[in-house]
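Each chain, letter by letter, is given below.
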Amino acid sequence: MIDYPILVRENPGFKFDFRLFIDKLKRKGYAQKTITESSSVAKVTWSNLKIRKSTMNSTRIRLLLTLVLCCVVNACTKPQQTPNTENIAAAVVSVAVQYQEPEGWTKSVQGSQTIFIAPEKDLSLVVIAVTKANDAQEAALKAWKMHDSDFSRKVRVNSPHIKKGGWDAIRSIEYQTSVSENMLAYANVYQLGEQWQVLLFDGNYATYAKRSAAVRGMSQSFELAGYKPEDLSQRTAQKLSPDKINTLLSFVEESAKALNIPGVGVAVIEDGKVLFEGGVGIKSIATQEPVTKDTAFMVASNTKGMTTLLLAKLVEMGKLNWDDQVISHYPDFKLGDKKTTQSVLIKHLVCACTGLPRKDLDWIFNSGPNVSATVTFTDLASTIPTSSFGELFQYNNQMAAAAGYVAGHILYPEMEIGAAYDKAMQRYIFGPLQMQHTSFSFTQALAGDAASPHGLDLAGNTQLIPQSATDGFNHTVTPYRPAGAAWSTPSDMIKYVQNELSEGVAPDGTRLFTAESVLKRRESTVATGADASYGMGLSSEKMGGIDIIEHGGSLAGYLSNFIAIPSAKVGAVILTNSDEGYALLKPFTRRMIELLYDAEPQAQSQVAVTVETNTLNAGKLREEITYPPAPEVVAKLASLYNSPELGSMTVTQIDGEVVLDPGVWKTAIASKTSPDGSVSLVTIAPFFLGLELIVGESAGLSTLSIIDAQHTYTFTEVKKH
């Protein structure tokens, strides 16, 4: 028998009756008790705490069996009376926790608080044990008051609970902030019986965006001490029978309906054999035509892995090395200052590890189908890393776009870089993999069997997102296409996945890429969370101990993911035609794992929680805004604005709506007054719901400012002459 004591610390003057604690377990049928007790320690061991086999899975009993429970007892039963003593405190029984500490952060223990402060000194993660709370919201408030006695923010959204890490329930609570603050205020509340652990997220949003991988690593790994996560690594993957494939498709169909996703493209491969390629649902709410194996979707950032496969092919051909300086192949490349420029190697373009923050608004507002591909390099020339090379995961689309263009330039130096990249991808990637319906052409895709993009409007109704061969939000990615502008189909994408599983061997046995070329892209360059990392255009994670290679993609109305599970020789792709598709991607992967390894069912509950959370968030947004926008706000707006970084934008009134129009897309707006009194415009287009532009004034001119994590952009009124 293993001797695993439970220690009880007693404060002088009070008595803790541990026998009552064990008696309670006995009455619930969890245990038979035999204890020994001294004046300071009550000791329970495996040999004298007899656990009924049927209760081994109980959360409370797992606590006894897996951790040391330290009870700091102020009072339990009737306290001993002491003259002039008026303070009678409740018992404090704190459960022990384990988590991945954020590397490089300053750690301190202040009473009951364990505090981690980011190197920037403006973001804190705080762990606090709380007792005697009626619910998660009260536990969170008590934790905030312990951390900051002046805390007074109101709850914005109290999300539905999930079960994970040995906890009975975990809730995420968001608190009201004003966009002008650029602040983060959240609480994750972990419940075990009547005990609570609270993880507070408090501080600057820009720092959070910069160090989100470390924050995810801590929150994702926050578990009961001694808790052993699901381990499937010793199980042999089961074959995906027709019944299992039907179960998977039923899950996709039911989840898509719950999430308001019109159509989903799916393909699954096992041992080199395609088990399914097709879809569920419809391509468009306008035509009601079904999704097929040849229906084209934009695969967005899944393009990155294809781009890095092109780079790997060039390495294989001896035309470049991963450690070559970028400027040795493309002298016009510039990143910040001269020293930084000279430090950038080919591999840095695709590793998300060079410290460059996201600058998506630069191309979202100031781009279009007719903008030159050289804008990628113009953007990078004015961008400065905010962390050291290899220090942090920071995702930058311009860097990945530059990688593709450099590869195209190496192969076809006489051509315009965009055309060179397109030609290189067709010759060295799409052609060899026989991806016949994959391209970067809107005209080609929309002329064929293409899925239309959808999103939810302010009322929660599914709407088509405007898109044509020349106009629409998604055209903004065209000048940056190596990072995310490919169109593909379930049938084509599963061929790409098969190449990952076969490590470069075609179905007929022909070697298309060396195994080294394929596998090099998977090598971890930087952590993205707990048991997750980024390589070169590919992500890796462990789910239940099973290694998964994957990447996702997100554009307006197109959300997608591919997964490869090398140990099972199984891969899959999921393509959706709605912004709501993001909520199906991870559950789809989880459902695959459940079917392969007979894992604990979680996927369905993940979808259900997201549905409820989305409803809460949408309802809250409707409460916070005024639509149409308040007349006094509209009266302050100019008709034309300009930003040095984001270009020009018009404000017009169309059919009773106030519309922002920066070029190839436009959106109606609402107005909002934040808790600090600041006023902002809020975009309400289905593809861009919730972006805030702060209304202001400078030198007598109207201004609209966007705070985008680590960047602030200001549009200033342009006076008409």
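Note that the structure is predicted; figures quoted are calculated from it, not measured.

Asks: What am I meant to see in the overall build of the protein here?
Replies: Along its length, the protein carries 18 helices and 37 strands. Counting only contacts in the protein whose residues sit at least 6 apart along the sequence, the fraction spanning at least 24 positions is 62%.

Asks: What am I meant to see in the packing of aromatic side chains here?
Replies: Between two aromatic rings, the relevant description is the distance of the centres plus the angle of the planes. Applying the stated rule across the entire model yields 29 aromatic pairs. Look at Tyr-99 and Phe-222: their rings are 5.3 Å apart centre to centre, the planes differ by 0 degrees, and that puts the pair in the stacked class. Residue Tyr-99 is located in the loop between strand E8 (97-98) and strand E9 (106-110), and its partner Phe-222 is located in the loop between helix H5 (212-220) and strand E16 (223-224); the two are separated by 123 residues in the primary sequence. On the basis of relative accessible area, Phe-222 is assigned to the buried category, the value being 2%. When the ring of Phe-393 is compared with that of Tyr-395, the centres are 6.1 Å apart and the planes differ by 45 degrees; the resulting orientation is tilted. Of the aromatic side chains, those joined through ring pairs into one cluster are Phe-365, Phe-473, Trp-665, Phe-687, Phe-688 and Phe-715. The ring of Tyr-412 carries the charged tip of Lys-423 above its face, separated from the ring centre by 4.6 Å.

Asks: Got a minute to help me understand the pattern of salt bridges in this structure?
Replies: Pairing of side chains with opposite charge becomes possible as their charged atoms draw close. Scanning all chains against the criterion turns up 31 salt bridges. Salt-bridge contacts for Lys-495 lead to Asp-492; the nearest nitrogen and oxygen are separated by 3.9 Å. One end of the pair is Lys-495 and the other is Asp-492, both in helix H14 (residues 490-502) and three residues apart, which spans about a single turn. For Lys-495, a relative accessible area of 30% puts it in the partly exposed group. Note that Glu-594 is salt-bridged to Arg-591, the shortest N-O span being 2.8 Å. Of this pair, Glu-594 and Arg-591 both sit in helix H16 (residues 582-597), three residues apart, which is roughly one turn of that helix.

Asks: Explain the nonpolar core to me, please; I cannot follow it from the model alone.
Replies: If you look at soluble globular proteins, the nonpolar side chains tend to sit buried side by side. One finds Leu-310, Leu-349 and Phe-365 to be the most contacted residues of the largest nonpolar core, which totals 110 residues. Among the elements that line this core, the one with the most residues is helix H11 (residues 397-411), at 10 residues. Excluding anything up to four places from it in sequence, Leu-349 contacts Val-326, Phe-333, Val-344, Met-399, Ala-400, Ala-402 and Ala-403. Among the nonpolar cores identified, the runner-up in size contains 36 residues, and Ile-261, Ala-583, Leu-595 and Ala-599 belong to it.

Asks: How should the environment of His-161 be read in this particular structure?
Replies: Within the fold, His-161 resides in the loop between strand E12 (155-158) and strand E13 (169-175). Sequence-wise, His-161 and Gln-191 are 30 residues apart; in three dimensions their C-alpha atoms are separated by 9.9 Å. Dropping the residues within four chain positions of it, His-161 is found in contact with Asp-168, Ala-169, Ile-170, Arg-171 and Val-609.

Asks: Quick question: what am I supposed to make of the state of the cysteines here?
Replies: Put plainly, a disulfide is one covalent bond tying together the sulfur atoms of two cysteines. For the coordinates displayed, the defined rule picks out one disulfide. For Cys-351, the disulfide goes to Cys-353, at an S-S distance of 2.0 Å. Taking the sign of the S-S torsion, -85 degrees for the link of Cys-351 and Cys-353, the bridge is left-handed. Of the two residues, Cys-351 and Cys-353, neither departs from the other in class, the shared state being buried.

Asks: How should the packing of helix H6 (residues 242-259) against H16 be read in this particular structure?
Replies: Between two packed helices, the angle of one axis relative to the other and the distance separating the axes together describe the packing. At a minimum axis distance of 11 Å, the contact between H6 and H16 shows a crossing angle of 160 degrees. Classified by the interaxial angle, the pair formed by H6 and H16 is roughly antiparallel. The element H6 and its partner H16 pack so that their crossing is right-handed. Mapping the contact onto sequence places Lys-244, Thr-247, Leu-248, Phe-251, Val-252, Ser-255 and Leu-259 in H6 and Ala-583, Leu-584, Pro-587, Phe-588, Arg-591, Met-592 and Leu-595 in H16. Looking at the contact of H6 with H16 residue by residue, the class counts come to 10 nonpolar, two polar and two charged.

Asks: What's the story with the sheet that holds strand E27 (residues 558-565) in this structure? I'm lost.
Replies: Backbone hydrogen bonds hold the strands of a sheet together, and the pairing may be parallel or antiparallel. An order of E18-E17-E28-E27-E26-E25-E24-E23 is seen for the eight strands of this open sheet, with the pairing classed as antiparallel. Two strands lie at the open edges of the sheet, namely strand E18 (273-281) and strand E23 (526-529), each paired on one side alone. Each adjacent strand pair in this sheet contributes to an overall mean axis angle of 20 degrees, direction not counted. Of the strand pairs in this sheet, strand E25 (residues 539-543) and strand E26 (residues 546-555) are connected by five bridges, and their pairing is antiparallel. Among the inter-strand pairings, Glu-541 is bridged to a residue of E26, identified as Ile-548.

Asks: Could you clarify how one ought to interpret the environment of Glu-624 in this entry?
Replies: Looking at the element boundaries, Glu-624 is found in helix H17 (residues 603-624). By relative accessible area, Glu-624 is classed as buried at 18%. Considering only alpha carbons, one finds Glu-624 and Ala-670, 46 residues apart in sequence, at a separation of 9.9 Å. Sequence-distant contacts of Glu-624, that is, excluding residues within four places in its chain, are made with Arg-156, Ser-671 and Lys-672.

Asks: Just checking my understanding: could you explain the confidence of the model for the protein for this structure?
Replies: Should pLDDT be low for a region, the predicted coordinates there are not to be read in detail. Residues of the protein with pLDDT of at least 70 account for 87%, and the chain-wide mean is 88. Segment residues 1-93 is flagged for pLDDT under 50; beyond a separation of four residues in sequence, or across chains, it makes 146 contacts in the model.

Asks: Help me understand empty space enclosed by the protein in this model?
Replies: Under the definition given, this model contains three cavities of 30 Å³ or more. Around the largest cavity, the lining comprises 17 residues; the ones closest to its centre are Leu-349, Val-350, Ala-352, Asn-396 and Ala-400.

Asks: Sorry if this is basic, but what is going on with the packing of H11 against helix H12 (residues 417-430) here?
Replies: Close contact between H11 and H12 brings their axes to 8 Å; oriented N to C, the two are set at 80 degrees. When the interaxial angle is binned, H11 and H12 end up roughly perpendicular. Between H11 and H12, the residues in contact are Gly-404, Tyr-405, Gly-408, His-409 and Leu-411 and Ile-417, Gly-418, Ala-420, Tyr-421, Ala-424 and Tyr-428, respectively.

Asks: Help me understand the side chain of Thr-703 in this model?
Replies: The residue Thr-703 is located in strand E36 (residues 701-708) in this model. A polar contact is formed between the side chain of Thr-703 and the backbone nitrogen of Glu-697, at a distance of 3.3 Å. Residues in contact with Thr-703, not counting those within four places in the same chain, are Tyr-641, Ile-694, Val-695, Gly-696, Glu-697, Ser-698, Thr-714, Phe-715 and Thr-716.

Calculation criteria
Residues numbered from 1 in each chain as written. Predicted model: local features only at pLDDT ≥ 70, side-chain atom pairs only at ≥ 80, totals over all residues. Heavy atoms only, no water. Helix = DSSP H or I, 4+ residues; strand = E, 2+ residues; numbered from the N terminus. Contact = heavy atoms within 4.5 Å. Phe/Tyr/Trp six-rings, centres within 6.5 Å; stacked < 30°, edge-to-face > 60°. Buried < 20%, exposed > 50% of the residue type's maximum accessible area, 1.4 Å probe, protein only. Lys NZ or Arg CZ within 6 Å of the ring centre and 35° of its normal. Salt bridge = Lys/Arg side-chain N within 4 Å of Asp/Glu carboxyl O. Core = buried A, V, L, I, M, F, W, Y, C linked by side-chain atoms within 4.5 Å. Disulfide = S-S within 2.5 Å. Axes fitted to C-alpha atoms, helices over the stretch in contact; angles between N-to-C directions. Parallel < 35°, antiparallel > 145°, perpendicular 65-115°, else oblique. Left-handed = near helix turned anticlockwise from the far one by under 90°. Nonpolar A, V, L, I, M, F, W, Y, C, P; charged D, E, K, R; others polar. Pairing = 2+ DSSP bridges. pLDDT = per-residue confidence, 0-100. 1 Å grid on protein atoms, 1.4 Å probe; cavity = no way out; pocket = protein on both sides within 12 Å on 5 of 7 lines; lining within 4 Å. Points joined across faces, edges and corners; volume = space filled by probe spheres on them. Polar contact = N/O pair within 3.5 Å; in protein donor to acceptor, adjacent residues only side chain to side chain.

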